[in-house]
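Examining the three-dimensional arrangement
The residues making up each chain are set out below.
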Amino acid sequence: QKEVEQDPGPLSVPEGAIVSLNCTYSNSAFQYFMWYRQYSRKGPELLMYTYSSGNKEDGRFTAQVDKSSKYISLFIRDSQPSDSATYLCVTRDGGSQGNLIFGKGTKLSVKP
Amino acid sequence: DSGVTQTPKHLITATGQRVTLRCSPRSGDLSVYWYQQSLDQGLQFLIQYYNGEERAKGNILERFSAQQFPDLHSELNLSSLELGDSALYFCASSVSGQHLTDTQYFGPGTRLTVL
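Conventions adopted
In this numbering scheme, every chain counts its residues from 1 along its sequence in written order. Chain letters start at A and ligand numbers start at 1, both assigned in the order the entries are written. Under the rules for a predicted model, residues below a pLDDT of 70 receive no local features and side-chain atom pairs below 80 are neither given nor counted, while totals for whole chains, interfaces and linings still include all residues. With hydrogens and water excluded, all non-hydrogen atoms of the structure serve as input to the side-chain values. Helix numbers and strand numbers start at the N terminus; a helix is a DSSP run of H or I with at least 4 residues, a strand a run of E with at least 2. Every radius of gyration here is taken over C-alpha atoms, with the globule rule written as 2.2 Å times N^0.38, N being the number of residues. In this scheme, a residue with accessible area under 20% of its type's maximum is buried, one over 50% is exposed, and one in between is partly exposed, where area comes from a 1.4 Å probe on protein chains only. Any two residues whose heavy atoms approach within 4.5 Å at even a single point are treated as in contact. With residues, only the protein chains shown are counted as cover, and all accessible areas are computed by Shrake-Rupley using a 1.4 Å probe. By the counting rule applied here, Lys and Arg register as positive and Asp and Glu as negative, while His and the ends of each chain are not counted. Charged groups are reduced to one reference atom each: NZ for lysine, CZ for arginine, CG for aspartic acid, CD for glutamic acid. Here the rule is simple: two strands pair whenever DSSP picks up at least two bridges between them. Axes, fitted as lines to C-alpha atoms, cover a helix only where it is in contact. Angles between the N-to-C directions of the axes lie from 0 to 180 degrees. The criterion for a disulfide is a pair of cysteine sulfur atoms lying within 2.5 Å. The rule for a salt bridge is simple: a side-chain nitrogen of Lys or Arg has to be within 4 Å of a carboxyl oxygen of Asp or Glu.

**Section: the overall build of chain B**
- Summing up its helical and strand segments, chain B has zero helices and 11 strands in all.
- Helices (α) and strands (β) of chain B occur, in sequence order from the N terminus, as β-β-β-β-β-β-β-β-β-β-β.
- Expected size for 115 residues packed as a compact globule is a radius of gyration near 13 Å; at 13 Å, chain B falls within 12% of this value.
- Here chain B holds 115 residues, and 51% of them are scored as buried.
- At a minimum sequence separation of 6, the contacts of chain B that also span at least 24 residues come to 55%.
- For chain B, the exposed area adds up to about 5,400 Å²; of that, 48% sits on carbon and sulfur atoms.
- Positive and negative charge centroids in chain B, built from 8 and 11 side chains respectively, lie 4 Å apart.

**Focus: the sheet that holds strand β1 (residues 4–6) of chain A**
All names here are of chain A.
- Strand order in this open sheet of five strands is β1-β3-β8-β7-β6, and the pairing throughout is antiparallel. The sheet terminates laterally at β1 and β6 (54–58), the two strands that pair on one side only. The mean angle between the axes of side-by-side strands here comes to 20°, regardless of whether they run parallel or antiparallel.
- Bridge count between β6 and strand β7 (residues 61–66): five bridges; the pairing is antiparallel. Its bridge partner being in β7, G54 is matched across the sheet by V65.

**Quick word on the state of the cysteines**
Residues and elements named next belong to chain A.
- According to the stated counting rule, one finds two disulfides over all chains in the structure shown.
- There is a disulfide in this structure between C23 and C89, and the S-S distance comes to 1.9 Å. In this pair, C23 sits in strand β3 (residues 19–25) while C89 sits in strand β9 (residues 85–92), placing the two residues 66 residues apart along the sequence. In this structure, C23 and C89 share a single accessibility class: buried.

**A word on the pairing of strand β9 (residues 87–94) of chain B**
Residues and elements named next belong to chain B.
- The element β9 is largely enclosed, with a buried count of eight among its eight residues.
- A two-sided burial pattern is seen for β9, the buried positions comprising A87, Y89, C91 and S93 on one face and L88, F90, A92 and S94 on the other.
- In the sheet, strand β4 (residues 31–38) pairs with β9 via seven bridges, with the strands oriented antiparallel. Bridge pairing links W34 to C91 in β9.
- Bridge count between β9 and strand β11 (residues 110–114): three bridges; the pairing is antiparallel. Among the inter-strand pairings, A87 is bridged to a residue of β11, identified as L112.
- As judged from the two bridges shared by β9 and strand β10 (residues 105–106), these two strands associate in the antiparallel manner. Counted as the bridge partner of S93 is Y105 from β10.

**A short note on the pattern of salt bridges**
- By the definition in use, this model includes six salt bridges over all chains.
- In this structure, R77 of chain A and E57 of chain A form a salt bridge, with 3.5 Å as the shortest nitrogen-oxygen distance. Placement of R77 of chain A in the loop between β8 (71–76) and β9 and of E57 of chain A in strand β6 is noted, with a sequence separation of 20 residues between them.
- Given the relative accessible area of 30%, R77 of chain A is considered partly exposed.
- Put simply, R63 of chain B and E82 of chain B hold a salt bridge, and the shortest N to O gap is 3.7 Å. Of this pair, R63 of chain B sits in the loop between β6 (53–57) and β7 (64–68) while E82 of chain B sits in the loop between β8 (74–78) and β9, and the two are 19 residues apart along the sequence.
- Judged by its relative accessible area of 43%, E82 of chain B is partly exposed.

Encoded structure:
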């Protein structure tokens, strides 16, 4: 079982739609969760991070972690064509002090 | 622009050859990480250096090696290349790599094609 699982999509939505991206993780010791966004032919960039359980909001983006079910979500409100990218669910291996553990990513396309 | 630079952007080589990928971290960052991104495996951590010393090792093959120099730039050496080594190789850097919340900033990647 992979440590972080994501539905690869692709997911295609019309402009203005609410997007829900989800992933699950296997190790209950993981505490720090991130969403990275990767545009085509670019490196990943940090979008949001959350600690433990709960919600975190940043503009049109909301990250949610449910530790009881090991479920992580990213919601995008009023989606824009510029949101078209691959979204990577990420956690961190605390034992190694640094390396990130990535899901395979969900490819999102927002159509004008 | 993350501030992390990688050269070259593209590399095409033959099986059995050796290549070197180069990374310059953001100014002030002491930790450098190398990741491999392939279609079937996604992004996989290879190795981390902190201030010149190896800090953590991931799924790095014995044919691959890395180092971080006194000026903090890093090189990833790939030898005896195989077709399956074709992938995007990313370098990332962070301030220290010692804290859970240290953000890793990724470079634009080097696309390696092995023919």
